[in-house]
Structures are given as structure tokens and as C-alpha cells.
Amino acid sequence: MLNRFANRTMTRTRYTEIRRTVRRHVTINSQQALEKRMPLSEAGKKVLMGGIVLKKVAMGVILSDNDLYQIRGAVPLERLERELALQANESHGKPAVLEKTGYNFVIYDGTGTFEINGSLGDFDRDVHRKMYQIKKGDIVFVAGELVSMNSPSGYFIRPSDFYSESEMEFYRQVAADTYDRSRKQINEIRKNKTREPAQYSLPHARQPWDVVKLFLKPSHGLTDSDYCWLEFAADSYFNQTGDIRAARLIVKYYLIHISDEKRRYIEEENTDYPLDFEENFFSMYPHLQGVVEWPEDH
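As a convention, each chain's residues are numbered from 1 in the sequence order in which they are written. Reporting in this predicted model follows two pLDDT cut-offs: at least 70 for local features of residues, and 80 or more for side-chain atom pairs to be given and counted; totals over whole chains, interfaces and linings ignore these cut-offs and use all residues. Calculated side-chain values reflect all of the structure's heavy atoms, with hydrogen atoms and water omitted.

1. Notes on helix H8 (residues 176-191)
Logical step 1: Strands are runs of DSSP state E lasting at least 2 residues, helices are runs of H or I lasting at least 4, and numbering of each runs from the N terminus. How far a helix is expected to stretch is found by multiplying one less than its residue total by 1.5 Å. An ideal rise of 1.5 Å per residue puts 22 Å on 16 residues; H8 measures up with 22 Å between its terminal C-alpha atoms.
Logical step 2: Working definition: with a 1.4 Å probe on protein chains only, accessible area under 20% of the residue-type maximum means buried, over 50% means exposed, and in between means partly exposed. Listing the buried residues of H8 in full gives Tyr179, Ile186 and Ile189. In an axial view of H8, the angular spread of the buried residues amounts to 90°, which keeps them on one side of the axis. Away from its buried face, by an angle of more than 90 degrees, H8 presents the exposed residues Asp177, Lys184 and Lys191. Relevant arc is that of directions from the helix axis to the C-beta atoms, nothing else.

2. Overview of the packing of aromatic side chains
Logical step 1: Think of it this way: a Phe, Tyr or Trp ring, Trp meaning its six-membered ring, pairs with another when their centres are within 6.5 Å, and the plane angle makes it stacked under 30 degrees, edge-to-face over 60, tilted otherwise. Applying the stated criterion across every chain, the model contains 13 aromatic pairs.
Logical step 2: Taken together, a centroid distance of 6.1 Å and an interplanar angle of 65° make the contact between Tyr254 and Trp294 edge-to-face. Separated by 40 residues along the polypeptide, Tyr254 in helix H12 (residues 244-257) and Trp294 in the segment after helix H14 (277-284) bring together distant segments of the chain. The burial state of Tyr254 is the same as that of Trp294; both residues are buried.
Logical step 3: Ring pairing ties together the aromatic residues Tyr254, Phe281, Phe282, Tyr285 and Trp294, which thus form one cluster.

3. As for the environment of Pro159
Logical step 1: Topologically, Pro159 is positioned in strand S6 (residues 155-163).
Logical step 2: The spacing of Pro159 and Ile116 is 43 residues in sequence and 6.8 Å in space, taken between C-alpha atoms.
Logical step 3: Here, residues are in contact when the closest pair of their heavy atoms is within 4.5 Å. Sequence-distant contacts of Pro159, defined by excluding residues within four places in its chain, comprise Ile116, Asn117, Gly118, Phe123, Val142, Ala143 and Gly144.

4. What about the confidence of the model for the protein?
Logical step 1: Per residue, pLDDT captures the predictor's confidence, and it can take any value from 0 to 100. Here the protein averages 80 in pLDDT, and 84% of its residues register 70 or above.
Logical step 2: Confidence over residues 1-7 falls short of pLDDT 50; this stretch has eleven contacts with residues more than four positions distant or in other chains.

5. Side note on the nonpolar core
Logical step 1: For our purposes a nonpolar core is just a set of buried Ala, Val, Leu, Ile, Met, Phe, Trp, Tyr and Cys residues, chained together by side-chain atoms within 4.5 Å. Core analysis: the biggest nonpolar cluster contains 27 residues, and Phe281, Leu288 and Trp294 have the highest contact counts within it.
Logical step 2: Among the secondary structure elements, those contributing two or more residues to this core are helix H10 (208-216), helix H11 (227-241), H12 and H14.
Logical step 3: With residues near it in sequence (within four places) discarded, Trp294 still touches Val251, Tyr254, Leu255, Phe277, Glu278, Phe281 and Phe282.
Logical step 4: Residues Ile28, Ala33, Tyr103 and Ile157 belong to the second largest nonpolar core, which totals 24 residues.

This is the structure in C-alpha cells:
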């Protein structure tokens, strides 16, 4: 599909030139970044990536404030009014407001795709201007921080700046030492074969099955609180299949992951905390109302 997109919008010769240009300038490509997303995210090293803009989405950043805490989230502008109305109905505090707008991008670099989250960060006027000017089909390079996440895409780039092809050629000439040093640092991370512990891998699992495999290991070293990830994996499977056995597993894993918390609040006689875990469960999983029964002994 990606090759078909490229061939519709440019000649094969031009497409080959672009792939060579991207490979020459970037410090890491999308496939390599996926393979090393956790150590790159942990190290906080800035990467330089680039490719063809496949998708550009205008986003609105919503700020929700319920007097206890603030939450920021980004939604496509086409869904903004519906999301604001939904939060107004659910919120018991101040209504959510549109704080600002920005852009997210999907980039293809010849080895795969990666996403740029240009909506939630605090950017200066120059970076905002560049994001506004970037168009679908453009060749763009982005410097930024790789953020690993629990999703099929695996990570996104939090940008600090954008560059055109000509800017990258100029940058390579006038700042060769800085560029070479950055590439060397990224290469060292790529060569490192250290494996992360299971507790670190759980929040960054790409697919529900990745979570399940960690729990299937004989000595996974996971605690009761880690079972929330297995609970979410079971919920994802239930949403895909409707299998009632998966729904029952959601209840089972929920009761395991809240067991320590429940015991602590009972021992402390904490009257400020609502111990109605059944109500809490069905508020988290309203789609399981009438599907599963709450165990009588809990």
C-alpha cells in the first residue's frame, strides 16, 4: 500500500532518490527505532528521522479541570465538538475547553511508518509555522524525542524541530561534528543487547499477546499490581471476539491486581476511600454489565 502511494504521487526514480536521501541523513530508521524503542525512550536521546508525509491530521488539545487535577488530551478537530459535548456530560467540574491546536503526522521512510505527535508539546512559533506548512507528500526530517507506548505503533516522536531536504544538506555541512556525535550515540544504543526486565516491558507492550507471553514465563517476577496489564489484555481480546471466557478473566485479573490495595485500605480503616470495588469495576468496564456476575465473596 505504501509503495502504491509513492508510485501514484511520484516516479519510481524519484521515490528511490528519496529513500536514499532519507537513509543518508537520518540517525535511525523507523524499523530500527521500533526494535530499540524502550532503550531510546529511557535514554531520552534525541533522534533524527525522516520520510514521506503520508498523513497530516489537525488536532485540538482539550483541557479538562475537575478542581482536583487537570488532564490534557488531543483529538482530531473533526471530532472536537462531539468530544467537548461528551466530556461536558461526564464531568462534575469545570467544562473541558479547547486549549490550542496542532498537527500529528504519519511518516513513511522505506522501512515502515512512524508517528509524530505535534499537538501536545510546547513548541515555539517557528516549529508551529513549520508544522502548518508541511503538506501530505512532502519529504520532511524531524528531530525529537522517541516516546515508547503501549500500542500497536509502539512509539511516537515528540518533535523539537523540522527540516526540509535542503536544510538537512546544509545542516550536515555546517554542523558535521554535532551530527556525527549524535549518530554515534544512537548507534551505541542500537548495538546494546541488554534485555529489559518484564516489569519495564509491560507498559510498553505493543499487542495484548506480548503481555500474555510475559506472564507465561516460569519466573516472570511480576507482582499482583502488574496483573492490571493482563486484565487490559483480556479486555482487548474480549472486545475483538466477544468470548465470555475472556470477560470472566477480566474480573479475575482485576481482583488480583486490586487485592493489595484493598487489603491496605481495610487495615488502615480508610473511610475516605470507597471500598465498593464492584462499582469501580463496572465503571471501568461498563460493557461488561449484564455479561459477567460479580463474585459473591468479593
